[in-house]
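# Results of the structural survey
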Amino acid sequence: MENKKELILIRINGVDRPGLTASITEILSQYEVDIMDIGQADIHSTLSLGILFKCKESDSGNIMKDLLFQASNLGINIRFYPISYEEYDEWVSMQGKNRYILTLLGRKLSAKQIAGATRLLAEQHLNIDGIRRLTGRIPLDEKKANVRACIEFSVRGTPKDIEELQRDLMHLSSSLSMDFSFQQDNMYRRMRRLICFDMDSTLIETEVIDELAMRAGVGDQVKAITERAMRGEIDFRESFTERVALLKGLDESVMRDIAEHLPITEGVERLMFVLKRYGYKIAILSGGFTYFGNYLKDKFGIDYVYANQLEIKDGKLTGRYVGDIVDGKRKAELLQLIAQVEKVDIAQTIAVGDGANDLPMLSVAGLGIAFHAKPKVVANAKQSINTIGLDGVLYFLGFKDSYLEEQGKL
């Protein structure tokens, strides 16, 4: 008569050491056991190991006896849980449910922030399968530079209302000073290939047109128009034409001086190094000017630059522009065009920006990120970064500090 099979789940915890998992599985191997599932986590040298196995019913008593003896020798705790076939089938059926990744990011993360985010998941009937830290060990001295914390939650289930969850996470992140990303966990999420950036107030910590205006003596006039446009209060095309007209007569040499002193946003150097190192195509899609976009292209090895061309005659700005304006609609079109040229599915694209004219490309990209953005943009974005530099994008892509080469580390 064929020996009946039994399912047993063992849970082990204790001080981790080399060879511990091997010693446990070697005992199981003596009984022709099939491993149905296995998972392990290590937090500050404290091991948590779970193994679900199928064995002959006649062997289960000896297996548990041998494991208990070995656990005593190793100084670890072990617990046994019989699993029915019905429980196992129910667990298997759960694997087909939707999977998501929730990423929490900030200069530091508190229990209050994690409690708030995980409570929202629970209210949406989502279950956390795994948690991992993407950033390095947090120093006790909080005054050290570049301190940041990032935790990634692997989540399973079908949200009751995913739009409500996004809104609640956005509200929570704002009230508790942290950043978040909530993405479907699929192959596209793991294989992003094209990233498109706005330039002004994203890659650089200024609006270049404001810098030009100050040199031309019309700074206050242009800045007022810029702020209204970025808040979405007036049409970008109309505001752009008005602002460029005010620059008439400015010497071309001023552009060169501004370019050489552009304030680069925190984290850009690290972000660009990692993206280039791991094969991403990078584009600047800007409502600013090609002169400055090309400067950044040469500096960081960016692949594409689409921006606005100022007309220059006899070494001076004419107050007019050449060609079509790169506005919000055009940014979204360019993102899709570059994706086609690079043979990249739109789900593999990323867009990062701060202004109202970035919303179209943020919405069409596979992953749209509002970066230190205006209120209207944050309200309409699905994920945002407000607490740290632009290299925070790496954590939303799943990069782990410990996996990066020396130049990519903090």
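Check the entry above for the structure.
This report concerns the structure included in the present document. (Residues numbered from 1 in each chain as written. Predicted model: local features only at pLDDT ≥ 70, side-chain atom pairs only at ≥ 80, totals over all residues. Heavy atoms only, no water.)

Below, the discussion takes up the overall build of the protein chain. Summing up its helical and strand segments, the protein chain has 16 helices and 15 strands in all. Viewed in the frame of its principal axes, the protein chain has a C-alpha envelope of about 95 × 40 × 40 Å. Counting only residues that meet the buried cut, the protein chain has 48% of its 410 residues in that class. Counted over contacts in the protein chain with a minimum sequence separation of 6, partners at least 24 positions apart contribute 70%. Taken as a whole, the protein chain presents about 20,300 Å² of accessible surface, with 49% of it coming from carbon and sulfur. (Helix = DSSP H or I, 4+ residues; strand = E, 2+ residues; numbered from the N terminus. Buried < 20%, exposed > 50% of the residue type's maximum accessible area, 1.4 Å probe, protein only. Contact = heavy atoms within 4.5 Å. Areas by Shrake-Rupley, 256 points an atom, 1.4 Å probe, with all protein chains shown as cover.)

Once that is clear, we can look at a negative patch on the surface. On the surface, E123, D161, E163, E164 and D168 cluster together to form a negatively charged patch. Here the element with the most residues in the negative patch is helix α5 (residues 162-175); it accounts for 3 residues. Within the secondary structure layout, D168 lies in helix α5. Under the relative-accessibility criterion, D168 is labelled partly exposed at 30%. (Patch = residues over 30% accessible without salt bridge, like charges linked within 9 Å, V, L, I, M, F, W, Y side chains within 5 Å. Salt bridge = Lys/Arg side-chain N within 4 Å of Asp/Glu carboxyl O. Lys, Arg positive; Asp, Glu negative; His and termini not counted. Charge placed at Lys NZ, Arg CZ, Asp CG, Glu CD.)

Another aspect to go through is the pattern of salt bridges. The final tally for this structure, using the stated rule, is 21 salt bridges. Of the charged contacts in the structure, one is a salt bridge between R270 and D391, with a shortest N-O distance of 2.9 Å. Highlighted residues: R270 in helix α11 (residues 268-277) and D391 in the loop between β15 (383-385) and α16 (393-396), separated in sequence by 121 residues. For E333, the salt bridge goes to K329, with nearest N and O atoms at 2.6 Å. Highlighted residues: E333 and K329, both in helix α13 (residues 328-341), separated by 4 residues, approximately one helical turn. Residue E333 is classed as partly exposed on the basis of its relative accessible area, which comes to 31%. Shared partners join several salt bridges into a network, and the residues in it are R107, R148, E266, R270, D391 and D401.

Once that is clear, we can look at the nonpolar core. Nonpolar side chains in soluble globular proteins tend to end up buried together. Core analysis: the largest hydrophobic core is formed by 56 residues, its most contacted members being F197, L212 and F292. Ranked by the residues each element gives to this core, the list is headed by α11, at 5 residues. Counting residues in hydrophobic clusters, the runner-up holds 41 residues, among them Y100, L120, F153 and L362. (Core = buried A, V, L, I, M, F, W, Y, C linked by side-chain atoms within 4.5 Å.)

Moving on, we come to α13. Relative to the 20 Å expected for 14 residues at 1.5 Å per residue, α13 spans 20 Å between its end C-alpha atoms, a close match to the ideal helical length. Of the residues making up α13, those classed as buried are G328, K331, A332, L334, L335, I338 and A339. Considered in projection along α13, the buried side chains sweep an arc of 160° and stay on one side of the axis. Those residues of α13 that are exposed and aimed more than 90 degrees away from the buried face are K329, Q340 and V341. Directly after α13, the chain includes K343, whose backbone phi takes a positive value near 55°. (Expected span 1.5 Å × (residues − 1). Arc of directions from axis to C-beta.)

Now for the side chain of K400. Take K400: it is sitting in the segment after α16. Buried charge without a salt bridge: K400, with D401 as the nearest opposite-charge side chain at an N-O distance of 8.3 Å. Sequence-distant contacts of K400, defined by excluding residues within four places in its chain, comprise R132, R133 and L134.

Now for the sheet that holds strand β2 (residues 34-43). Read from one edge of the open sheet, 4 strands run β2-β3-β1-β4, paired in antiparallel fashion. The two strands at the open ends of the sheet, each matched to only one other strand, are β2 and β4 (77-83). Put simply, the sheet's adjacent strands are angled 15° from each other on average, direction ignored. Pairing of β2 with strand β3 (residues 46-56) involves 9 bridges; the strand directions are antiparallel. (Pairing = 2+ DSSP bridges. Axes fitted to C-alpha atoms, helices over the stretch in contact; angles between N-to-C directions.)

This paragraph deals with the pairing of strand β12 (residues 316-322). Looking at chain direction, strand β11 (residues 304-313) and β12 are connected through 4 bridges and run antiparallel. Bridging across to β12, I312 finds its partner in L317. Taking the residues that link successive antiparallel strands as the turn, the β11-β12 hairpin has 2 residues, and the phi of D314 there is positive, at about 55°.

Counted according to the given criterion, the structure contains 6 aromatic pairs. Each ring, one from Y280 and one from F399, has its centre 6.4 Å from the other, and the planes form 50°; the classification is tilted. Here Y280 is found in the loop between α11 and β10 (281-289), whereas its partner F399 is found in the segment after α16, with 119 residues between them in sequence. Like F399, Y280 is buried. Measuring from centroid to centroid gives 5.4 Å for Y291 and F292, while their planes differ by 65°, and the two rings are edge-to-face. The class for Y291 is partly exposed, based on a relative accessible area of 30%. (Phe/Tyr/Trp six-rings, centres within 6.5 Å; stacked < 30°, edge-to-face > 60°.)

Turning our eyes to something else, we now look at the packing of helix α10 (residues 253-260) against helix α12 (residues 290-300). Contact pair α10 / α12: the axes reach a minimum separation of 10 Å and the direction vectors enclose 40°. On the basis of their axis angle, the class for α10 and α12 is oblique. Relative to α12, the crossing made by α10 is right-handed. Residue-level inspection shows M255, R256, I258, A259 and E260 of α10 in contact with α12, the latter providing Y291, F292 and Y295. (Parallel < 35°, antiparallel > 145°, perpendicular 65-115°, else oblique. Left-handed = near helix turned anticlockwise from the far one by under 90°.)

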